[in-house]
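Below are the chains, spelled out letter by letter.
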Amino acid sequence: MRITQQMLHQSSVRQMHQNLNRFNQISQQVSTGKLLQRPSDDPFGVSKSMNLKSTLAANEQYERNTTNASLWLDETDQVIKQTVNVLHRARELAVQGNTGTLSDSDRAAIAEEVEHLTDQIRQFANTKVNGKYLFNGQKTNQPPYPEQDSYQINSFDTGAVAFAVSDSLSIKVNVTADKLFGTADDETNLFKTLTNVTTSLRSGESVPLEEMEKGLNRILTSWAEVGAVAERVESIANRLKDSNLQLTSMLSKVEDVDYAEAITKLKSEESIYQASLSVTSKIIQSSLVDFIR
Amino acid sequence: MVSTFHSLELGKRGLFAGQTGVTTSGHNIANANTKGYSRQQVNLTTSPSLDVWTSGEANSGQLGSGVSVESITRVRDQFLDRQYREQSGTLGEWSVKQDTLAKLETIINEPSENGLRSAMDQFWGAWEDLANEPDSLPARAVIKESAQAFVDTAKSIDRSMTQLKNDLSSQLTSRVSEANSYLNQIVEINKSIQQTGKQANDLLDQRDLYVEELSKLVSINVEERSNGVLTIKLASDDTTLVEGTTIGTVLESDRQMSGGSILGTMDSIRTVESYQRKLNEMVKGFVFGDITVEIPAGSNLADGTPVSDNQNSQVPVKGINGLHRIGWSLKEDENGNSQAGASLFLGDETNFEIASLEVNPAIKEDSRLIAASLRSESVNGQQKVISGNGDLAQLIGKLRDQGVTIDGDTSNIRQYFQSMVSELGAETRTSNRQMTNYETALLATDNRRQSVTGVSLDEEMANLIKYQHAYNAAARIVTTTDELLDTIINRMAAR
């Protein structure tokens, strides 16, 4: 084949261009650390990476939600614990009040203390965390028992406060007043029974204990449920953390550069480019003109 | 017996041939880098010989009378030319397509942390944050901003696509007028060639160059007539564009043509339009598409749609706008009643265009119009929102993974966008590969053509020396003849 200077020139330039282009591509990968710069780099990989990123974003949201849910449950747990302690004391007093050897003034003193405890329980029922009432369902901006005798009407809301913890699951974290203290027409309503205790103490009648026991049992059951939900949230949170880790490593496999490989490639592309430069400099210099004098 | 001066004439012819050779080599060297130039060569022939008497044979002998320049021709292979024209048309087509797709990739801007995907993810996330704190104003402000960011991102993509489309349209016009101007130039050269004859090498080169440029723009068939002029027809439908010295049909940009960058530009406009339409349908589905949502038991909807108190109800709504309108906002009207959620986005549902989409200005002004709750109650004759209910916010947050009617089909927005991006990626990849292939093929053809028509400096230098020596030798013939004449005239006469 007849070779002309122009052909040599053209193909040298083209090859240098190609080599520089590959060198540029690989150095871009090394400097950004990302394999995928644009969709055409790997159409399937890009769609996978977008999907993983969205899933990760959703997961991070769910993780935040579980944190919120845990906070809510912890607060609920604390308040119920304190309420139960107060109720135990109230029961002790009620049992003591049934002892026949008490004087009227003793009974009055006990009634006084029970009344005090009742008030304390109402305060617990009206607990506010982060500006929200814990036990008033979705009406978090109002106390469930605004007045001392509010227990006589169902003044509270029973709506659910729930947090989404996965794309198909949301967990109800709140306990409403009816589950803890009982509804208005329920004989075992804690406020009702405690009021009964004080009235019977004052009037010298025997103090009713049975309803109180039942009420205490109800609140203990609810407490246990809170614990169970908290445990469930905890395990979901752990699972989310695991799956986050997994997703991140999958994402990294799809879009991150393997540095050892990339740098080796970069070095080889660099030397190829330099070789093409040095070859070109030799080829395009000389022609017969240089030798005819 | 021939004339005494015969050798002088012969020497002169040799000198002339040598000089023509040197000049042609010089012309070749000077034009080594001229675009479209094909090397020229001097075709020498012996000039007619003279009959002279010879004793050996009955017939007379033939005495050479030297050399004459028969022609100066360009070295060119018509077959390779045709191949080159075809391939450069295909390359022209694909390089426009590839360029457009690469631009689209830049416009779509994925994968990245500031593209549409991330804007949508942030938008969904903002709603879930509101679901966690349904009465929070800061969470509403975040929703407002992320809705704005989504609209801005979609609009900027849409705008860039429109811009790209307009650029391509004006490119199409200018390419068509470029083609027409080549046709005119070819006609002009045809005229000159008709006058100067078929051996007008430099004019032929020039014309071939124009034909090549034309074939990059549109696929053509070229025929050379016996008088040296060209006939050019459109490859797609045989319309005559140039017939010798007259223009046949003038090209228009709305004409269907095959091959070349004009077709590439037309195809590219269609590609951009199709992606723009997809994006448009996606955003339309997002704002107005049909969705069915599960309303939790015990809700009451702001638009009065009846729902069951005891079990979850399936309620169909029109997109995120329709969903938002069934919720209760924090804003109260003049009578103290809580208002329903306002439309989040304003846009024309029937003739939907991203360009005219915006976040509802009322919401931008007062984020309390953002609804999160699906419950309200009657308090002293006034309908009041239950602000601790975040069911609506949760439903909107879940749209992330829910099917929406987009362009007649039900699909989820995230996946719709992903498949759009990967389709673009695959298409770009194909066009990249096609372009590399055609480029390589064209380069190979060009190399073969260069091998035939290109100027080799080495060769020209060798020729130069060859002709120089021939010239010198011819000069020596003149000198020798001169000496012979000197002998006859001076020496013989002086005696």
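Owing to the predicted nature of the structure, the values given are computational and were not obtained by experimental measurement. (Residues numbered from 1 in each chain as written. Chains lettered and ligands numbered in written order. Predicted model: local features only at pLDDT ≥ 70, side-chain atom pairs only at ≥ 80, totals over all residues. Heavy atoms only, no water.)

Q: What exactly am I supposed to notice about the overall build of chain B here?
A: Within chain B, the regular secondary structure consists of 11 helices and 19 strands. Over its C-alpha atoms chain B spans a radius of gyration of 41 Å, topping by over 25% the 23 Å that the globule rule assigns to 495 residues. Counting only C-alpha atoms, chain B reaches 155 × 40 × 35 Å along its principal axes. Residue pairs at least 24 apart in sequence account for 68% of intrachain contacts in chain B once pairs closer than 6 positions are excluded. Of the roughly 22700 Å² that chain B leaves accessible, carbon and sulfur atoms contribute 49%. (Helix = DSSP H or I, 4+ residues; strand = E, 2+ residues; numbered from the N terminus. Rg over C-alpha atoms; globule rule 2.2 N^0.38 Å. Contact = heavy atoms within 4.5 Å. Areas by Shrake-Rupley, 256 points an atom, 1.4 Å probe, with all protein chains shown as cover.)

Q: Looking at this structure, how should I read unusual backbone geometry?
A: In terms of backbone geometry, most residues other than glycine have negative phi values and most peptide bonds are trans. Here the residue pair Glu-110 of chain B and Pro-111 of chain B is connected by a cis peptide bond, since its omega of -10° sits within 30 degrees of zero. Following the sequence through the fold, Pro-111 of chain B ends up in the loop between helix 2 (78-108) and helix 3 (116-132). A positive phi angle, near 55°, is found at Asn-130 of chain A, a position not held by glycine. At Asp-238 of chain B, a residue that is not glycine, the phi angle is positive and equals roughly 65°. When you line up the elements, Asp-238 of chain B lands in the loop between strand 6 (230-234) and strand 7 (240-243).

Q: What is the right way to read the layout of surface pockets from this model?
A: Here the largest pocket is characterised by a volume of approximately 1200 Å³. Lining the largest pocket are 27 residues; nearest its centre among them are Asn-21, Gln-25 and Asp-41 of chain A together with Asn-432 and Thr-436 of chain B. When contributions to the lining of the largest pocket are tallied by element, the ones reaching two or more residues are helix 1 (5-32) of chain A together with helix 2 and helix 10 (413-453) of chain B. Among the elements that line the lining of the largest pocket, the one with the most residues is helix 1 of chain A, at 10 residues. Taken together, the residues of the lining of the largest pocket break down into 6 nonpolar, 13 polar and 8 charged. Within this model, the second largest pocket holds a volume of roughly 1000 Å³. In terms of lining residues, the second largest pocket is bounded by 42 residues, among which Gln-6, His-9 and Gln-10 of chain A together with Asp-446 and Gln-450 of chain B are the most central. At the level of secondary structure, the elements contributing two or more residues to the lining of the second largest pocket comprise helix 1 of chain A together with helix 2, helix 5 (201-217), helix 10 and helix 11 (457-494) of chain B. Across the lining of the second largest pocket, the residue classes break down as 14 nonpolar, 18 polar and 10 charged. (1 Å grid on protein atoms, 1.4 Å probe; cavity = no way out; pocket = protein on both sides within 12 Å on 5 of 7 lines; lining within 4 Å. Points joined across faces, edges and corners; volume = space filled by probe spheres on them. Nonpolar A, V, L, I, M, F, W, Y, C, P; charged D, E, K, R; others polar.)

Q: Help me out: how do you make sense of the packing of helix 2 (residues 43-97) of chain A against helix 5 (residues 190-203) of chain A in this one?
A: Working note: a packed helix pair is described by the angle between its axes plus the distance between those axes. All names here are of chain A. It is at 11 Å that the axes of helix 2 and helix 5 come closest, and there the two elements cross at 30°. The pairing of helix 2 with helix 5 is recorded here as roughly parallel in orientation. Where helix 2 crosses over helix 5, the two elements pack in a sense that is left-handed. Where helix 2 abuts helix 5, its residues Leu-87, Ala-90, Ala-94 and Gly-97 lie against Leu-190, Leu-194, Val-197 and Leu-201. A breakdown of the residues in the contact of helix 2 with helix 5 according to their chemical character gives 7 nonpolar, 1 polar and no charged. (Axes fitted to C-alpha atoms, helices over the stretch in contact; angles between N-to-C directions. Parallel < 35°, antiparallel > 145°, perpendicular 65-115°, else oblique. Left-handed = near helix turned anticlockwise from the far one by under 90°.)

Q: Got a minute to help me understand the interface of chain A and chain B in this structure?
A: The partner chain B presents 58 residues to the 48 residues of chain A that form the contact. Between chain A and chain B, a total of about 4500 Å² is buried, with carbon and sulfur atoms accounting for 47% of that surface. For the chain A face of the interface with chain B, the top three residues by lost area are Arg-2, Met-50 and Gln-138 of chain A, together amounting to 16%. On the surface where chain A and chain B come into contact, there are 8 salt bridges. Where Glu-105 of chain B meets Arg-38 of chain A, a salt bridge forms, and the shortest distance between an N and an O atom there is 2.7 Å. Counting across the chain A and chain B interface gives 27 residue pairs in polar contact (both at pLDDT 80 or more). The element best represented in the side of chain A that touches chain B is helix 2 of chain A, accounting for 16 residues. (Buried area = accessible area lost by both parts, 1.4 Å probe. Salt bridge = Lys/Arg side-chain N within 4 Å of Asp/Glu carboxyl O. Polar contact = N/O pair within 3.5 Å; in protein donor to acceptor, adjacent residues only side chain to side chain.)

Q: How should I be thinking about empty space enclosed by the protein in this particular structure?
A: For the structure shown, the criterion picks out 3 cavities of 30 Å³ or more. As a volume, the largest cavity reaches approximately 140 Å³. Around the largest cavity, the lining is made up of 16 residues, and of these Val-161 and Ala-162 of chain A together with Ala-131, Pro-134 and Gly-388 of chain B lie nearest the centre. Of all the secondary-structure elements, those providing two or more residues to the lining of the largest cavity are strand 3 (162-164) of chain A together with helix 3 and helix 9 (391-398) of chain B. When grouped by side-chain class, the residues that make up the lining of the largest cavity number 7 nonpolar, 7 polar and 2 charged.

Q: So what exactly am I meant to see when it comes to the packing of aromatic side chains here?
A: Aromatic ring pairs are reported here in terms of the distance separating the ring centres and the angle at which the planes meet. On inspection of all chains with the given rule, the structure shows 17 aromatic pairs over all chains. Between Trp-124 of chain B and Phe-286 of chain B, the ring centres sit 5.6 Å apart and the planes meet at 65°, which makes this aromatic pair edge-to-face. In this pair, Trp-124 of chain B sits in helix 3 while Phe-286 of chain B sits in helix 6 (residues 260-288), placing the two residues 162 residues apart along the sequence. In this structure, Trp-124 of chain B and Phe-286 of chain B share a single accessibility class: buried. For the pair Phe-286 of chain B and Phe-345 of chain B, a centre-to-centre distance of 5.8 Å together with 55° between the ring planes defines the contact as tilted. Note that Phe-286 of chain B is positioned in helix 6 and Phe-345 of chain B in strand 13 (residues 345-346), a separation of 59 residues in sequence. A connected cluster of aromatic rings, assembled from ring pairs, spans Phe-135, Tyr-145, Tyr-151, Phe-156, Phe-181 and Phe-191 of chain A. If you follow Lys-278 of chain B out to its NZ or CZ, it ends over the ring of Tyr-275 of chain B, 5.0 Å from the centre. A cation sits over an aromatic face here: Arg-449 of chain B above Tyr-84 of chain B, 4.0 Å from the ring centre. (Phe/Tyr/Trp six-rings, centres within 6.5 Å; stacked < 30°, edge-to-face > 60°. Buried < 20%, exposed > 50% of the residue type's maximum accessible area, 1.4 Å probe, protein only. Lys NZ or Arg CZ within 6 Å of the ring centre and 35° of its normal.)

Q: Looking at this model, I keep getting lost on the sheet that holds strand 12 (residues 338-340) of chain B. Mind explaining?
A: Across a sheet, paired strands are connected by hydrogen bonds in the backbone, their directions being either parallel or antiparallel. Residues and elements named next belong to chain B. In spatial order, the strands read 12-11-15; together these 3 strands make up an open sheet with antiparallel pairing. Whereas interior strands pair on both sides, the edge strands pair on one side only; in this sheet they are strand 12 and strand 15 (371-373). Between one strand and the next, the sheet's axes are offset by a mean angle of 55°, whatever the strand orientation. Strand direction decides the pairing type here: strand 11 (residues 328-332) and strand 12, joined by 2 bridges, are antiparallel. (Pairing = 2+ DSSP bridges.)

Q: Which parts of the structure should I look at to understand the pairing of strand 5 (residues 220-224) of chain B?
A: Two faces, one strand: in a regular strand the side chains alternate between the faces of the sheet. Residue and element names in this part refer to chain B. One ladder, built from 5 bridges, connects strand 5 with strand 6; its direction is antiparallel. Paired with Glu-223 across the strands is Thr-231, a residue of strand 6. Once strand 5 ends, the chain turns through 5 residues before running back antiparallel as strand 6, passing Gly-228 with a positive phi of about 95°.

Q: Whenever I open this one, the sheet that holds strand 8 (residues 246-247) of chain B confuses me. Can you help?
A: The strand order 5-6-7-8 (chain B) describes an open sheet built from 4 strands, whose pairing is antiparallel. Here the strands that pair on one side only, and so sit at the sheet edges, are strand 5 and strand 8 of chain B.

Q: Any chance you could explain the environment of Ser-451 of chain B here in plain terms?
A: With respect to the helices and strands, Ser-451 of chain B occurs in helix 10. The exposure class assigned to Ser-451 of chain B is buried, which follows from its relative accessible area of 9%. Separated by 382 residues in sequence, Ser-451 of chain B and Val-69 of chain B have C-alpha atoms that sit 25 Å apart. Setting aside its immediate chain neighbours within four residues, Ser-451 of chain B contacts Met-1, Arg-2 and Met-7 of chain A.

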